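Coordinates in review
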Amino acid sequence: MTHHSSRGQAPEPPTPLPLPVVDNHTHLDIGRDGGAPPDVAEAIAAARAVGVDRLVQIGCDLAGARFTAEMIDQYAALLGGVAIHPNEAPRHAAAGDLESAWAEIEALAAHPRIRVIGETGLDYFRTGPEGVAAQQDSFRWHIDLAKRTGKALQIHDRDSHEDVLRILAEEGAPEKTVLHCFSGDVPMARECVERGYYLSFSGTVTFKNARTLRDALAVTPLDRLLVETDAPYLTPVPYRGSGNAPYLIPITVRAMAGTLTVDVPTLCRALSDNSEAVYGPW
């Protein structure tokens, strides 16, 4: 049994966690590198077998949002999130249909098991300066929707820390605000915690070059922490480069516990409690 996987061969399941946790951000509608998406029932069963018994399925384009609304009715392990991703917003704006896309997201968000507006936010890595205005308008619209519906906000922040924090301050953040796949440094983590936001960490905390991120994790209090895969992306070491899946969360949880110098059951309990505090009961 090897510790690494070639393409097409799934990593072995890690040792199950001692207490159940939530993958608070996964994309079961997306396949890795343009491949087929996972079988939803199998993904849920594999996750449950290692102690990941609840998942938040995120649909961040119209097709993904529709898929999410269907899946949460079929599987009790899933809650959902819907949004127009920051990289999708400029495309809709260019096509002249951003407002109708928002209207569909708002209609889907009325579902009682859609508990998240997101992922929304800003991405200055994939979208150039010409897309910034549409991204920022869309981010503000989603912040408003989260507040109007009383749902949690999940934020995508790539190379845009200052503007994300500024816009949240200008608009007034929803009561439950999550920085998904947190990628900031220690001062940003401290500012987010001070503002009452939750920080969600992914497999990136296991990457060798992610010392700054681990330092940020180390200063985050247990009651502000969440964990996620962002599957099929951001697969933790030692499987980096193969497809990610919710059943690999225990690797990230154990790495987080090491950085935080807490025992794994204590961290699991906090992650589970925080998830239910943000998203409600499954």
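Above this text sits the structure in question.
The sections below set out a description of the structure shown in this document. (Residues numbered from 1 in each chain as written. Predicted model: local features only at pLDDT ≥ 70, side-chain atom pairs only at ≥ 80, totals over all residues. Heavy atoms only, no water.)

Per the secondary structure count, the protein includes ten helices and eight strands. When the 282 residues of the protein are sorted by exposure, 55% land in the buried category. Put simply, of all contacts in the protein between residues at least 6 apart along the chain, 73% involve residues at least 24 apart. Approximately 11700 Å² of the protein is accessible, and the part contributed by carbon and sulfur atoms is 52%. With 25 positive and 37 negative side-chain charges, the protein shows a separation of 5 Å between the mean positions of the two kinds. (Helix = DSSP H or I, 4+ residues; strand = E, 2+ residues; numbered from the N terminus. Buried < 20%, exposed > 50% of the residue type's maximum accessible area, 1.4 Å probe, protein only. Contact = heavy atoms within 4.5 Å. Areas by Shrake-Rupley, 256 points an atom, 1.4 Å probe, with all protein chains shown as cover. Lys, Arg positive; Asp, Glu negative; His and termini not counted. Charge placed at Lys NZ, Arg CZ, Asp CG, Glu CD.)

Residues of helix 6 (residues 161–171) that are buried include every one of Val164, Leu165, Ile167 and Leu168, and no others. Across the axial projection of helix 6, the buried residues extend over an arc of 165°, all falling on one side. Those residues of helix 6 that are buried are in contact with strand 4 (114–123), helix 5 (132–149), strand 5 (152–158), strand 6 (177–179) and helix 7 (186–194). Backbone geometry just downstream of helix 6 places Gly172 in the positive-phi region, at approximately 85°. (Arc of directions from axis to C-beta.)

The sheet built from eight strands is open, its strands ordered 1-2-3-4-5-6-7-8 with parallel pairing. Edge positions in the sheet fall to strand 1 (21–26) and strand 8 (225–227), since each of these pairs with one other strand and no more. The average angle at which neighbouring strand axes cross in this sheet is 25°, direction not considered. Relative to strand 3 (residues 78–82), helix 2 (residues 62–74) is tilted by about 160°, and along the sheet it contacts strand 2 (52–59), strand 3 and strand 4. Lying on the sheet, helix 6 is in contact with strand 4, strand 5 and strand 6; it crosses strand 5 at an angle near 150°. (Pairing = 2+ DSSP bridges. Axes fitted to C-alpha atoms, helices over the stretch in contact; angles between N-to-C directions.)

In terms of nonpolar packing, the biggest core is built from 70 residues, with Phe139, Phe182, Phe201, Val253 and Met256 touching the most fellow members. No other element matches the six residues that helix 9 (residues 249–260) contributes to this core. Counting 13 residues, the second largest nonpolar core, distinct from the first, contains Val22, Ile58, Tyr198 and Val278. (Core = buried A, V, L, I, M, F, W, Y, C linked by side-chain atoms within 4.5 Å.)

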